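If you want the building blocks of each chain, they are given just below.
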Amino acid sequence: MPDSAPTDLHNWAGNIRFSPSRFERPATLDEAREIVAAAPRLRVLGSGHSFNAIADTDAVMLSLAGIEPEANINILNDTVRVSGWITYAALSAAVHRAGFALHNMASLPHISVAGSIATGTHGSGDRSGNLATAVAAIEFIGPDGELRTVRRGDADFAGSVVHLGSLGVVHTVTLDLVPAFEMRQYVYDDLPFDAAVANFDELTASAYSTSMFTSWGAAPTFQFWVKQRTADQTHPFPRANWFGAPLAPGPRHPIPGVDPAACTVQQGQTGPWHERLPHFKFEFTPSVGEELQSEYLIDRIDAPAALEALARLGDRLAAVTQINEVRTMASDDLWLSPAYGRDTVGLHFTWVREYDAVRPVMAAVEAALEPFSARPHWGKLFSMPIEEVRSRYARMGDFEKLRERIDPEEKFANGFTAEVFGGGAR
Ligand SMILES: Cc1cc2nc3c(=O)[nH]c(=O)nc-3n(C[C@H](O)[C@H](O)[C@H](O)COP(=O)(O)OP(=O)(O)OC[C@H]3O[C@@H](n4cnc5c(N)ncnc54)[C@H](O)[C@@H]3O)c2cc1C
């Protein structure tokens, strides 16, 4: 994508055609700083995996992918300082070679670190915060082209990590590391809906990371994925049956009937953390996806009621959903994080790639989740009124003041941020 001429630029799903007036792909940091300083308005493209126009601009679009990414591990304080545009695939391999691990990963390792952090991207795990919670420091190229670092403990830190691309160009990110660990993955078929709802807390607590997948319909069941650290014997797997769900006899893809070859190794084979935490293998690299995605993040105490509300949409949901995934994440204090201030459950929808058919059902999902103060994923599709979204972030006003101070001319604004924060730049 970033190599293409501006007319060919699009996101991974192909549903957003980017329309910058100029596309810049510098070869050095100094060049990037000059471009930023000179541009009247500018937006950074990460790996382009967002499903909405958050990365788009009608001004300058900057990709840093032409600069060789770095990952420098500091064994004195267990951190790694990485180029913002490095992918989790490249980063996790480097970190693992040095005997370290990241605390969690998203379903796909091909996404960039800076782009993921900017949108509050997450994996799953009751005690794992989203990926942005691993950030110990973040270094921006500011509107004047100067470098500025914000560290954990600084007054601006909690506001600066999940930033929707609107506080500058992320040059480096310093991430906390943990010692490398091994994992095993098991899949259970046909977890009864009632059992999932009644035992939600026990199910999600049963391993380091869990996911529930369903295609909805009149009688929904869940495929239940368990990612267990081998050292963790709290709930020894495999069990022949888990809450009424039988152990899958072979590997599974989350979408029924799809070849599981692209999925990370299952059936209890021990392997390193970075080859089990994502659902999809590094080697599997689709450049365009036949899907759209939405996700709504709610307080985990509301998860059983929210699942019941979604089940009532039954066949309507099934008609446009390829798969729905339910994940958990720990509360954090990052102002624009969808998990801010509450232990969270993410209700994710992989839709068919027909927006006209999806849109009314997405609106019905938003109406069904309205009682639960759902926060939409910043990098996925949503249609709820922006005032509703804003009202779900207690620190929204503080973020706007921070943005005004850091970027008073709104150099890093685009149509998406104009909608979220107001302001003239589009
Ligand atoms: C197949 C697939 C699977 C996914 N799985 C998950 C998942 O498991 N969990 C989840 O939470 N999300 C998931 N997502 C969503 C994805 O993680 C987010 O959209 C994320 O933002 C993608 O990162 P990116 O680098 O592609 O960002 P982009 O889409 O390129 O950009 C996103 C935002 O980050 C900004 N940005 C990017 N790089 C920089 C930088 N260097 N400096 C400043 N701003 C920057 C952009 O300007 C933009 O505002 C998935 C998406 C796809 C397509």
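Reading guide: rules and limits
Residues numbered from 1 in each chain as written. Predicted model: local features only at pLDDT ≥ 70, side-chain atom pairs only at ≥ 80, totals over all residues. Heavy atoms only, no water. Salt bridge = Lys/Arg side-chain N within 4 Å of Asp/Glu carboxyl O. Helix = DSSP H or I, 4+ residues; strand = E, 2+ residues; numbered from the N terminus. Buried < 20%, exposed > 50% of the residue type's maximum accessible area, 1.4 Å probe, protein only. 1 Å grid on protein atoms, 1.4 Å probe; cavity = no way out; pocket = protein on both sides within 12 Å on 5 of 7 lines; lining within 4 Å. Points joined across faces, edges and corners; volume = space filled by probe spheres on them. Nonpolar A, V, L, I, M, F, W, Y, C, P; charged D, E, K, R; others polar. Domains from an automatic or database assignment. Contact = heavy atoms within 4.5 Å. Buried area = accessible area lost by both parts, 1.4 Å probe. Polar contact = N/O pair within 3.5 Å; in protein donor to acceptor, adjacent residues only side chain to side chain. Core = buried A, V, L, I, M, F, W, Y, C linked by side-chain atoms within 4.5 Å.

Side note on the pattern of salt bridges
All told, the structure shown has 18 salt bridges when counted by the stated rule. One salt bridge connects arginine 327 with glutamate 295, and the closest N-O pair in it is separated by 3.8 Å. Pair noted here: arginine 327 is in strand E18 (residues 321–329) and glutamate 295 is in strand E17 (residues 292–299), with a separation of 32 residues, a long-range link. Residue arginine 327 shares its accessibility class with glutamate 295, and that shared class is buried. A network of salt bridges, in which partner residues are shared, links Glu295, Glu325, Arg327 and Lys380.

Quick notes on empty space enclosed by the protein
Following the criterion strictly, the structure yields three cavities of 30 Å³ or more and no others. Size it by volume and the largest cavity reaches roughly 50 Å³. In terms of lining, the largest cavity is formed by Asn104, Met105, Ala106, Ser107, Gly123, Ser124, Ser209, Ser211, Lys227, Leu277, His279 and Arg327. Taken together, the residues that form the lining of the largest cavity break down as three nonpolar, seven polar and two charged.

Some remarks on the domain arrangement of the protein chain
Considered domain by domain, the protein chain is made up of domain 1 (2–62) and domain 2 (71–180). Each of domain 1 and domain 2 has a C-alpha centre, and these two points are 21 Å apart. On the side of domain 2, 17 residues touch domain 1, which itself brings 14 residues to the contact. Around 1,100 Å² of area is buried between domain 1 and domain 2 when both sides are counted, 67% of it from carbon and sulfur atoms. The largest contributions to the domain 1 side of the interface with domain 2 come from Leu29, Arg33 and Val36, which together make up 39% of the buried area. A salt bridge links arginine 33 to glutamate 146; the nearest nitrogen and oxygen atoms lie 3.5 Å apart. At the junction of domain 1 and domain 2, the tally comes to five residue pairs in polar contact (both at pLDDT 80 or more). When residues of the side of domain 1 that touches domain 2 are traced back to their parent elements, those giving at least two are helix H1 (29–38) and strand E2 (42–44). When residues of the side of domain 1 that touches domain 2 are assigned to their parent elements, the largest contribution, five residues, is made by H1. Partitioning the side of domain 1 that touches domain 2 into residue classes produces eight nonpolar, four polar and two charged.

Some points on the nonpolar core
Of all hydrophobic cores here, the largest spans 102 residues; its most connected members are Leu91, Leu175, Leu347, Trp351 and Trp378. For this core, the element with the highest residue contribution is helix H9 (residues 355–369), accounting for seven residues. Each of domain 1 (2–62) and domain 2 (71–180) gives at least three residues to this core. Leave out the neighbours within four places in its chain, and leucine 347 touches Ser294, Glu295, Tyr296, Ile298, Ala306, Leu307, Leu310, Asn324, Glu325, Val326 and Leu369. Membership of the second largest hydrophobic core comes to 13 residues, among which are Ala32, Ile67, Trp85 and Ile141.

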